[in-house]
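# Structural overview for review
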Amino acid sequence: MGGIVRHDWQVSEVEALFALPFADLMFQAQSTHRAHHSPNAVQMSTLLSIKTGACPEDCAYCPQSVRYDTGLERERLVPLDEVRKSAQAAKDAGATRFCMGAAWRSPKKKDVDAVVAMIREVRALGMETCATLGMLTPAQAHELKDAGLDYYNHNVDTSPEFYGEIITTRTYQDRLDTLSAVRDAGLNVCCGGIVGMGETTRDRASMLATLANLPQHPESVPINQLVRVPGTPLAGQKDVDPFDFVRTIAVARIVMPKAFVRLSAGREVMSDELQSLCFLAGANSIFYGEKLLTTGNPDVARDRALLTRLGIEPFTPPGLAAVADAHAHEEPHVHGPGCSHAHAPARPGAACNATRQR
Ligand code: SAM
Ligand code: DTB
Ligand code: SF4
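Note that the structure is predicted; figures quoted are calculated from it, not measured.

Thresholds, definitions, all that
Residues numbered from 1 in each chain as written. Chains lettered and ligands numbered in written order. Predicted model: local features only at pLDDT ≥ 70, side-chain atom pairs only at ≥ 80, totals over all residues. Heavy atoms only, no water. Helix = DSSP H or I, 4+ residues; strand = E, 2+ residues; numbered from the N terminus. Near = heavy atom within 4 Å. Polar contact = N/O pair within 3.5 Å; in protein donor to acceptor, adjacent residues only side chain to side chain. Areas by Shrake-Rupley, 256 points an atom, 1.4 Å probe, with all protein chains shown as cover. Nonpolar A, V, L, I, M, F, W, Y, C, P; charged D, E, K, R; others polar. Salt bridge = Lys/Arg side-chain N within 4 Å of Asp/Glu carboxyl O. Buried < 20%, exposed > 50% of the residue type's maximum accessible area, 1.4 Å probe, protein only. Contact = heavy atoms within 4.5 Å. Core = buried A, V, L, I, M, F, W, Y, C linked by side-chain atoms within 4.5 Å. Phe/Tyr/Trp six-rings, centres within 6.5 Å; stacked < 30°, edge-to-face > 60°. Lys NZ or Arg CZ within 6 Å of the ring centre and 35° of its normal.

So, on to unusual backbone geometry. In this structure, Ala54 takes a positive phi of about 60° despite not being glycine. Within the secondary structure layout, Ala54 lies in the loop between β1 (41-51) and α3 (80-93). The phi dihedral of Asp157 falls on the positive side, at around 75°, and the residue is not glycine.

Here you go:
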């Protein structure tokens, strides 16, 4: 139960985890979580859509596909200066990673050049960088790595069996090829999927088995609940049973013990209690900030209040310890009225993450 790292999961074994009594599943997920992670720390990433809308792909969940009328305005590439300002604001609010998303099937040369410049700007602020730009060639993955990119997000989205119901313009194998290119370039992999598109529990198990059976587990696993955007083919999907969503998080935690499991899209409509169950099930990362790419996310005040009530602290990645060292002249202290660290929820009495990381 300590959370052995395996790459040989049978779908039936993963399905059996989903079928456990809820308390047994939660106990196993918590035990695995505590064997590999700090139990009360959550990593925070902020998203920015650097190029919105008019995407040629037909992903049935996506408001940015040119094929569906979702009322979204097509936008040009966001200027570098605006990217820097957004990243600085995200950092000031407490995010440690800045994720740039573009509605492309795959980037062209000029697109990669522009993103390289963005990565350099964001890195210079002392944040981790992530990008999600569609399919990549090995050469493009290397170029992004050389620019200083830390993570690349590319989701499998669902099971190989259900995939054809959701996307027809690229294959599951295309996705796996991009993931190999990203991994081979030495980038950290961020790869997960969506719950609530009409898939079965077996599909959820099969998606998680696919992720867990990759040669190396993704460092980051975003579990999204479908945001039902009017105009998309999936707008009329049924609600996800909240316990089934928590189960998906718990099973992801068990089969990928070392990964950061991110409670991703869909949080805006989740109660604080449901989110807390997700953290108990092993979620230890969130998208933080009022907007995802084109849809809403809980506002910063609500998230800070929730994290404070739960005694959760923001996770500072070891690689950013140098940033925390900017505070190194200070003595370690606890949060209180005098603490000016905007990046930590000010729960009086909690050790300040900025100085603890030294
Ligand atoms: N165009 C790139 C691609 O598809 O790889 C990058 C951006 S795309 C918006 C990134 C991911 O966001 C998708 O793979 C999907 O998992 C997630 N996503 C998009 N729309 C969503 C929605 N309505 N609800 C939940 N997740 C969504
Ligand atoms: C991921 O798995 N979820 C994020 C991120 N990776 C890029 C995107 C969620 C998008 C939700 C719909 C929208 O805001 O457009
Ligand atoms: Fe395009 Fe990505 Fe949306 Fe698919 S998910 S339509 S590839 S932006």
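Let's pick the thread back up.
Our next topic: the site of ligand 1. Neighbouring residues of ligand 1: 15 residues in total, closest Tyr61, Thr132, Asn155, Asp157 and Val227. Tyr61 is positioned with one of its backbone polar atoms (N or O) 3.0 Å from a nitrogen atom of ligand 1. Residue Trp104 places a main-chain N or O atom 3.4 Å away from a nitrogen atom belonging to ligand 1. In the complex, the protein chains occlude 91% of the 560 Å² of accessible area that ligand 1 would expose alone. Grouping the constituent residues of the shell around ligand 1 by class yields eight nonpolar, six polar and one charged.

This brings us to the pattern of salt bridges. Working definition: two side chains of opposite charge can pair if their charged atoms are close together. What the rule picks out here adds up to 19 salt bridges. Ionic pairing is found between Glu57 and Arg105, a salt bridge with its closest N-O pair at 3.1 Å. Of the two residues, Glu57 sits in the loop between β1 and α3 while Arg105 sits in the loop between β2 (97-102) and α4 (109-124), which places them 48 residues apart along the sequence.

Here we take up the side chain of Ser49. You can see Ser49 is positioned in strand β1. Note on Ser49: relative accessible area 8%, which makes it buried. Of note is the side chain of Ser49, whose polar atom sits 2.6 Å from the side chain of Thr52. Setting aside residues no more than four positions away along its own chain, Ser49 makes contact with Gln64, Val78, Gly101 and Leu293.

Moving on to helix α9 (residues 272-280). The set of residues buried in α9 consists of Asp272, Leu274, Gln275, Ser276, Cys278 and Phe279. Positive phi appears at Gly282, one or two residues downstream of α9, with a value of about 115°.

Turning next to the nonpolar core. Among the nonpolar cores identified, the biggest contains 94 residues, and Tyr61, Leu144 and Leu208 are the most heavily contacted of them. At eight residues, the largest contribution of residues to this core is made by helix α8 (residues 242-255). For Leu144, the contacting residues outside a window of four places in its chain are Val112, Val115, Val116, Ile119, Leu133, Leu136, Leu149 and Tyr152. In terms of nonpolar packing, the next biggest core, distinct from the first, is built from seven residues, Cys99, Ala265, Phe287 and Leu292 among them.

Turning our eyes to something else, we now look at the site of ligand 2. Taken together, Leu47, Pro63, Thr132, Asn153, Asn155, Pro222, Asn224, Phe287, Leu292, Leu293, Thr294 and Thr295 are the residues near ligand 2. Contacts to ligand 2 include Thr295, whose side-chain N or O atom sits 2.8 Å from an oxygen atom. In isolation ligand 2 offers 410 Å² of accessible surface; the protein chains occlude 89% of this area. Among the residues forming the shell around ligand 2, the class breakdown is six nonpolar, six polar and no charged.

Overall, the coordinates contain three aromatic pairs when judged by the stated rule. Taking 5.2 Å as the distance between ring centres and 85° as the angle between the ring planes, the aromatic pair formed by Tyr163 and Tyr172 counts as edge-to-face. Tyr163 gets classed as buried once you look at its relative accessible area, which sits at 4%. With relative accessibility at 9%, the residue Tyr172 sits in the buried group. For the pair Phe260 and Phe315, a centre-to-centre distance of 5.0 Å together with 50° between the ring planes defines the contact as tilted. Within this pair, whereas Phe260 is found in strand β8 (residues 260-263), its partner Phe315 is found in the loop between β10 (313-314) and α11 (321-324), the two being separated by 55 residues in sequence. Sitting over the face of the ring of Tyr151, Arg97 holds its NZ or CZ atom 3.6 Å from the ring centroid.

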